[in-house]
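Here is how the chains run, residue by residue.
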Amino acid sequence: MPFNEEQRKQAQAEQERIERNIKNIKHQILVLSGKGGVGKSSIAVNLAVWFSMQGKKVGLLDIDIHGPSIPKLLNLEGKRLQGGEDKIQPISYSDTLKVISIGFLIQDEKAALIWRGPMKHNVIKQFISDVYWGDLDYLIIDCPPGTGDEPLSIIQLLGKADGAVVVTTPQQLAVADVKKCITFCKQLNLPVLGIIENMSGFVCPHCNKRTDIFGGNGGRQMARDFDVPFLGSVPIDSNMVPAADLGKPFIYFNNQSPTAQALNSAFEPLLQSKKQIENNNKEHI
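Residues numbered from 1 in each chain as written. Predicted model: local features only at pLDDT ≥ 70, side-chain atom pairs only at ≥ 80, totals over all residues. Heavy atoms only, no water.

1. Looking at the side chain of K120
Heads up, the rule is: Put simply, DSSP H or I for four residues or longer makes a helix, DSSP E for two residues or longer makes a strand, and each gets a number counted from the N terminus. Within 3.5 Å is the distance limit for a polar contact, defined as a pair of N or O atoms, with the added protein rule that one can donate a hydrogen and the other accept it, and that residues adjacent in sequence qualify only through two side-chain atoms. By definition, residues are in contact when any of their heavy atoms lie within 4.5 Å.
Along the chain, K120 falls in helix α4 (residues 117-129). Of note is the side chain of K120, whose polar atom sits 3.4 Å from the side chain of H66. Reaching out from K120, the side chain makes a polar contact with the side chain of E150 at a distance of 3.4 Å. If sequence neighbours within four positions are ignored, K120 has contacts with I65, H66, W115, D149 and E150.

2. Some details on the packing of helix α1 (residues 5-21) against α4
Where we set the bar: The angle between two axes is taken between their N-to-C directions and runs from 0 to 180 degrees, where each axis is a line fitted to C-alpha atoms and a helix contributes only its stretch in contact. Here is the rule for angles: anything less than 35 degrees is roughly parallel, anything more than 145 is roughly antiparallel, 65 through 115 is roughly perpendicular, and the remaining ranges are oblique. Classification convention: Asp, Glu, Lys, Arg as charged; Ala, Val, Leu, Ile, Met, Phe, Trp, Tyr, Cys, Pro as nonpolar; all other residues, Gly among them, as polar.
Viewed as axis vectors pointing N to C, α1 and α4 meet at an angle of 45 degrees, and their least axial separation amounts to 8 Å. For the element pair α1 / α4, the angle class is oblique. Counted together, E14, R17, I18 and N21 of α1 and K125, I128 and S129 of α4 form the full contact between these two elements. Split by residue class, the contact of α1 with α4 holds two nonpolar, two polar and three charged.

3. With respect to the environment of L157
Relative to the helices and strands, L157 is located in helix α5 (residues 149-158). With 48 residues separating them along the chain, L157 and P205 place their C-alpha atoms 44 Å apart. Once you skip the residues sitting within four places of it in the chain, L157 turns out to touch Q15, I18, H121, I124 and K125.

4. Remarks on unusual backbone geometry
As a reminder, the rule being used: Between buried and exposed lies partly exposed: a residue is buried under 20% and exposed over 50% of the maximum accessible area for its type, with that area taken using a 1.4 Å probe on protein chains only.
A positive phi angle is found at N189, which is not glycine, with a value near 60 degrees. In this fold, N189 is placed in the loop between α6 (172-187) and β9 (192-203). The class for N189 is exposed, based on a relative accessible area of 71%. Look at M199: it is not a glycine, yet its phi comes out positive at around 55 degrees. Tracing the backbone through its elements, the reader meets M199 in strand β9.

5. Some thoughts on the packing of aromatic side chains
We apply this condition: Ring pairs are drawn from Phe, Tyr and Trp, using the six-membered ring of Trp, whenever the two centres fall within 6.5 Å, and their geometry is named by plane angle: stacked under 30 degrees, edge-to-face over 60, tilted for the rest. We call a charge positioned over a ring when the NZ of a Lys or the CZ of an Arg lies within 6 Å of the ring centre and within 35 degrees of the ring normal.
Summed over the entire model, instances satisfying the criterion amount to four aromatic pairs. Aromatic side chains W50 and F267 sit 5.9 Å apart centroid to centroid with 55 degrees between the ring planes, which places their arrangement in the tilted category. On the criterion of sequence distance, the pair formed by W50 in helix α2 (residues 40-53) and F267 in helix α10 (residues 258-283) is long-range, its members being 217 residues apart. Judged on exposure class, the residue W50 and its partner F267 are both buried. The positively charged end of K248 is found above the aromatic ring belonging to F253, 5.6 Å away from the centroid.

If you want it as structure tokens, here you go:
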């Protein structure tokens, strides 16, 4: 059904409001996966914390409406969003990391949000247009699994994000679904910044021997098949689960472990690619 003139003007005003609110955010990176249970939210949290460790100002936006994990992963459970004038104030994890999640609006952690697409779109739009993000070097967006309403909404609302980091695990069951995610990005002209293969083997804490639990190298092969960067393989560490349960980002609190070093190596090209984007932008000014 086509818009009438009043609806068109309202949509244009809303888009202008979004653009004004995010104009001081230099880079926007989505963390996506076509499969649940691959550690996508953990990657998003560690990526946001890693950028802040590099001295960057970072925002972390959790748009997983039905299963928000970010408050738990950052030990921010029980925090509530506060309004100021006409803006919502994000939760500060540190001086350089701000966080927004639907989890900060839910009073009962057992409550189920039974929302259709338009309601999810509206709350995501509010997180973009009405949250006081301020000056940020990076906005990291943790999306729910799949290629449904939430990732589609955020891509359309942002207009032109820098790209997506796609997370998979090695086995073909995961890879088959994650391939759809890459196709989704290409159809929406969203660059794929790279693929991270999570849970790629287990490093014994006693002998440092690595065992490939799932087998295969699905992430690396998928990167070849789609001609996108392969950022790296991240092994399982037995300390990751208790760290997540305690809300202690692994890359900061366990920074000397092989898994933290693998995360660091996977994230480093993203910082370098952003520098290249900045250089390209300067050349066109």
